Amino acid sequence: SVPDDLPLTVMQKIAREVNHSETTFLQRSQVADHRVRIFVPSLPLAREVPFAGHPLLGSACVAVMGAAGPAALRLETGAGVVPLIVTPAGDGIWDVQMSQPLPRVVWSRTEIAGVAAELGLTDADRHPGLPVEAMDNGMQTVLIPLASVAAVRRAAPKLSLLGHRFGHDGDCILIFAPGGVAPGTDVHCRVFSPFDLVAEDPATGSANGPLGEYLVRHGVVAGTSVRSEQGDQVGRPSRLQIDVTRDGNRTTAVYVSGRVELVGHGEFRLREV
């Protein structure tokens, strides 16, 4: 945890120095167990965002480190309070499930001329029956369905053009196709951010929640559970479990689960900057 009065600029500089996809700071909260400040790398300083998936999973494990059994906790984010359940699975390993803010469809389009070329693909690589949708669960994600896993793997996005096209409609852009490379996976995806310094993210929990909801709502998968794979193209494979609860035609809950492993720890010495 960090002091509540740690200046914003100091957090931004630390996050910019770390330069991971996200960096979090745990503080005291009046409405939850902890407040989590989340930063993504950008220039000249890191940018604070209201919500992200993977850094919340990791932050939850740090918050309950040392607990002998499963622990439930609530983390305050800019998108609201997020409930999580952390279950120890070994020395420095945890299984974590979060209940994400419900995603809403911002817009849905059956055709966007030129988007395939901006992905380094052809129109034949676009999925013929699924729409492009922008969804918001605290962060906005543009979901672009493709016809095959091979097309997803072959994509070479022109991020400046995609950023200009989608503007701030998309904090990130997710391309996907049904099926997967690893056994038991339902969808293969890649996530890009034209707006930050991490061009391709190896694992994006905040975007995979809307992806799972999309797949269930459009009937792409049988049932309400989705196993997603991401990060293969950057050599950092990620596997996520998404579970969607539906009441008729309405989504009532989205859960994203994954395994967290401690890979290192350290300390910062701060001076006046």
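What this report covers is the structure whose coordinates are included nearby. (Residues numbered from 1 in each chain as written. Predicted model: local features only at pLDDT ≥ 70, side-chain atom pairs only at ≥ 80, totals over all residues. Heavy atoms only, no water.)

## Notes on the packing of aromatic side chains
- For the structure shown, the criterion picks out 3 aromatic pairs.
- Geometrically, the ring pair formed by Trp-107 and Phe-166 is stacked, given 6.1 Å between the ring centres and 10° between the ring planes. One end of the pair, Trp-107, is in strand β7 (residues 104-109); the other, Phe-166, is in helix α5 (residues 159-166), with 59 residues separating them in the sequence.
- The class for Trp-107 is buried, based on a relative accessible area of 12%.
- Judged by relative accessible area, Phe-166 falls into the buried class, the value being 3%.
- When the ring of Phe-176 is compared with that of Tyr-214, the centres are 5.4 Å apart and the planes differ by 75°; the resulting orientation is edge-to-face. Here Phe-176, found in strand β10 (residues 172-178), pairs with Tyr-214, found in helix α6 (residues 205-217); they are 38 residues apart in sequence, far enough to count as distant.
- Judged by relative accessible area, which is 0%, Phe-176 ranks as buried. (Phe/Tyr/Trp six-rings, centres within 6.5 Å; stacked < 30°, edge-to-face > 60°. Helix = DSSP H or I, 4+ residues; strand = E, 2+ residues; numbered from the N terminus. Buried < 20%, exposed > 50% of the residue type's maximum accessible area, 1.4 Å probe, protein only.)

## Details of the pairing of β10
- For β10, a buried count of 6 out of 7 residues is recorded, marking the element as mostly surrounded by other parts of the structure.
- Inspection of the sheet shows strand β9 (residues 140-145) paired to β10 by 5 bridges, in the parallel sense. Paired with Leu-143 across the strands is Leu-174, a residue of β10.
- By the bridge criterion, 6 bridges tie β10 to strand β11 (residues 187-192) in an arrangement that is antiparallel. Bridge assignment links Pro-178 to a residue of β11, and that residue is Val-187. (Pairing = 2+ DSSP bridges.)

## Focus on a nonpolar patch on the surface
- Among the surface-exposed residues, Val-62, Met-65 and Leu-262 lie close enough to one another that they form a single nonpolar patch of about 270 Å² accessible area.
- Among the secondary structure elements, Val-62 is positioned in helix α2 (residues 54-63). (Patch = residues over 30% accessible without salt bridge, like charges linked within 9 Å, V, L, I, M, F, W, Y side chains within 5 Å. Areas by Shrake-Rupley, 256 points an atom, 1.4 Å probe, with all protein chains shown as cover. Salt bridge = Lys/Arg side-chain N within 4 Å of Asp/Glu carboxyl O.)

## Some thoughts on helix α1 (residues 8-18)
- All buried positions along α1 are accounted for by Val-10, Met-11, Gln-12, Ile-14 and Ala-15.
- Once α1 finishes, Asn-19 follows within two positions and takes phi at roughly 65°, a positive value.

## Considerations on unusual backbone geometry
- Backbone torsion omega between Leu-43 and Pro-44 reads 0°, so that peptide bond is classified as cis.
- Position of Pro-44 relative to the elements: it lies in the loop between β2 (34-40) and β3 (47-49).
- In this model, Asn-19 sits at a positive phi of 65°, which is unusual for a non-glycine residue.
- Take Asn-19: it is sitting in the loop between α1 and β1 (23-27).

## Let's talk about empty space enclosed by the protein
- Throughout the structure, instances matching the rule amount to 1 cavity of 30 Å³ or more.
- Computed from the structure, the largest cavity encloses a volume of approximately 200 Å³.
- Looking at the largest cavity, it is lined by 18 residues, and the ones nearest its centre are Glu-22, Val-40, Ser-193, Asp-196 and Asp-201.
- Considering only residue class, the lining of the largest cavity consists of 10 nonpolar, 4 polar and 4 charged. (1 Å grid on protein atoms, 1.4 Å probe; cavity = no way out; pocket = protein on both sides within 12 Å on 5 of 7 lines; lining within 4 Å. Points joined across faces, edges and corners; volume = space filled by probe spheres on them. Nonpolar A, V, L, I, M, F, W, Y, C, P; charged D, E, K, R; others polar.)

## Observations regarding the pattern of salt bridges
- If you walk through the whole model with that rule in mind, you get 15 salt bridges.
- The residue Glu-133 makes a salt bridge to Arg-217 at a minimum N-O spacing of 3.0 Å. Within this pair, whereas Glu-133 is found in strand β8 (residues 132-136), its partner Arg-217 is found in helix α6, the two being separated by 84 residues in sequence.
- Owing to a relative accessible area of 3%, Glu-133 belongs among the buried residues under this scheme.
- Linked by salt bridges that have partners in common, Glu-133, Glu-213, Arg-217 and Arg-246 make up one network.

## Side note on α5
- Leu-162, Gly-163 and Phe-166 are the residues of α5 that are buried. Viewed end-on, α5 has its buried residues packed into an arc of 100°, placing them on one side of the element. Every exposed residue of α5 that faces more than 90 degrees away from the buried side is listed here: Ser-160 and His-164.
- On its buried face, α5 is in contact with β7, α3 (115-118), β9 and β10.
- Backbone geometry just downstream of α5 places Gly-167 in the positive-phi region, at approximately 55°. (Arc of directions from axis to C-beta. Contact = heavy atoms within 4.5 Å.)

## A few points about the environment of Ser-160
- Mapped onto the fold, Ser-160 is located in helix α5.
- Overall, Ser-160 belongs to the exposed group, its relative accessible area being 61%.
- Each C-alpha atom of the pair Ser-160 and Pro-194 lies 6.3 Å from the other, and the pair is 34 residues apart in sequence.

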